[in-house]
Amino acid sequence: NVKVFCHMDNLLPGEMDSIPTDFQRYCHFIKADGFNIRYLEAGSGLPLICIHGAGGLRVSEALHILAQKHRVLAFELPGFGGSEPNLRSQSVLDLAKTMNRAIEALGVSSYSLWGNSFGARVVLNMALEQPDMVKTMILLAPAAIRSTPRKHQGEPTPDQLYAHPERLGAMTPL
């Protein structure tokens, strides 16, 4: 029964339908940096760490194909999906440090990174924090990446970014 492995009561309605069956069997949680972080795992080979965009964890057909040759670890960032709201992380760098601790807790020491949209910002910061661990970095449709943070009128606040943004209504464009 998948519920034993995946704690399906934490998933959003319809979320299980988007997870291919080879990932459904390998849903786990890891404690890191004070968070209980959900991740999906499938395949074997060089680890590929996947960080989702602002819409939350979604397993695409691409990850299913990559799992045929790689150990795919698709993480759900703290504050997204079925996790508790993340009111502690104040920056993308904070999230990156948390995710690096999760990878360390799993005993993974060499890996490739894949970041989608907002996840690309997290992945970039993860690589900057742990460059010797990263073999390859893939930034898929990266969100705006700036060398110095800039404030804009209407910019999302940390509570909007890290406390279930996929559940928020439409936001004012930046």
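Read on for a plain summary of the structure.

Definitions and limits used
Residues numbered from 1 in each chain as written. Predicted model: local features only at pLDDT ≥ 70, side-chain atom pairs only at ≥ 80, totals over all residues. Heavy atoms only, no water. Pairing = 2+ DSSP bridges. Helix = DSSP H or I, 4+ residues; strand = E, 2+ residues; numbered from the N terminus. Salt bridge = Lys/Arg side-chain N within 4 Å of Asp/Glu carboxyl O. Expected span 1.5 Å × (residues − 1). Axes fitted to C-alpha atoms, helices over the stretch in contact; angles between N-to-C directions. Buried < 20%, exposed > 50% of the residue type's maximum accessible area, 1.4 Å probe, protein only. Core = buried A, V, L, I, M, F, W, Y, C linked by side-chain atoms within 4.5 Å. Contact = heavy atoms within 4.5 Å.

With that settled, the discussion passes to the pairing of strand S1 (residues 27-32). On a regular strand, each side chain points to the face opposite its neighbour's, so the side chains alternate between the two faces of the sheet. Bridge count between S1 and strand S2 (residues 35-42): 6 bridges; the pairing is antiparallel. Residue pairing across strands places Lys-31 opposite Asn-36, the latter belonging to S2. The antiparallel pairing of S1 with S2 creates a hairpin that spans 2 residues between the two strands, and Asp-33 there sits at a positive phi of about 55 degrees.

This part is about the pattern of salt bridges. Applying the stated criterion across every chain, the model contains 4 salt bridges. One salt bridge connects Arg-71 with Glu-41, and the closest N-O pair in it is separated by 2.7 Å. Pair noted here: Arg-71 is in strand S4 (residues 71-75) and Glu-41 is in strand S2, with a separation of 30 residues, a long-range link. Sharing partners across several salt bridges, the network here consists of Asp-33, Arg-88 and Arg-101.

Attention now goes to helix H4 (residues 92-105). Relative to the 20 Å expected for 14 residues at 1.5 Å per residue, H4 spans 20 Å between its end C-alpha atoms, a close match to the ideal helical length. Of the residues trailing H4, Gly-107 is marked for its positive phi of about 80 degrees.

What holds strands together in a sheet is hydrogen bonding between their backbones, with the strands either parallel or antiparallel. Pairing within the open sheet is mixed, and its 6 strands lie in the order S1-S2-S4-S3-S5-S6. Of all strands in the sheet, those bounded by a partner on one side alone are S1 and strand S6 (134-140). Between one strand axis and the next, the sheet turns through 25 degrees on average, direction left out of account. When S2 meets S4, the two strands line up antiparallel, connected through 4 bridges. Of the residues in S4, the one forming a bridge with Glu-41 is Leu-73.

Time to look at helix H5 (residues 118-129). Here H5 is 12 residues long and its end C-alpha atoms lie 17 Å apart, about the 16 Å a rise of 1.5 Å per residue gives. Among all positions of H5, only Phe-118, Gly-119, Ala-120, Val-122, Val-123, Met-126 and Ala-127 are buried.

Here we come to the nonpolar core. Among the nonpolar cores identified, the biggest contains 26 residues, and Ile-49, Ile-51, Phe-75, Val-122 and Met-126 are the most heavily contacted of them. Breaking this core down by element, the ones donating at least two residues are S1, S2, strand S3 (47-51), S4, H4, strand S5 (111-116) and H5. No other element matches H4, which puts 6 residues into this core. Other than its neighbours up to four places away in sequence, Ile-51 contacts Phe-75, Leu-77, Met-99, Trp-114, Gly-115, Asn-116, Gly-119, Val-122, Val-123 and Met-126. Core analysis: the next-biggest nonpolar cluster, separate from the first, contains 12 residues, Leu-48, Cys-50, Leu-63 and Ala-74 among them.

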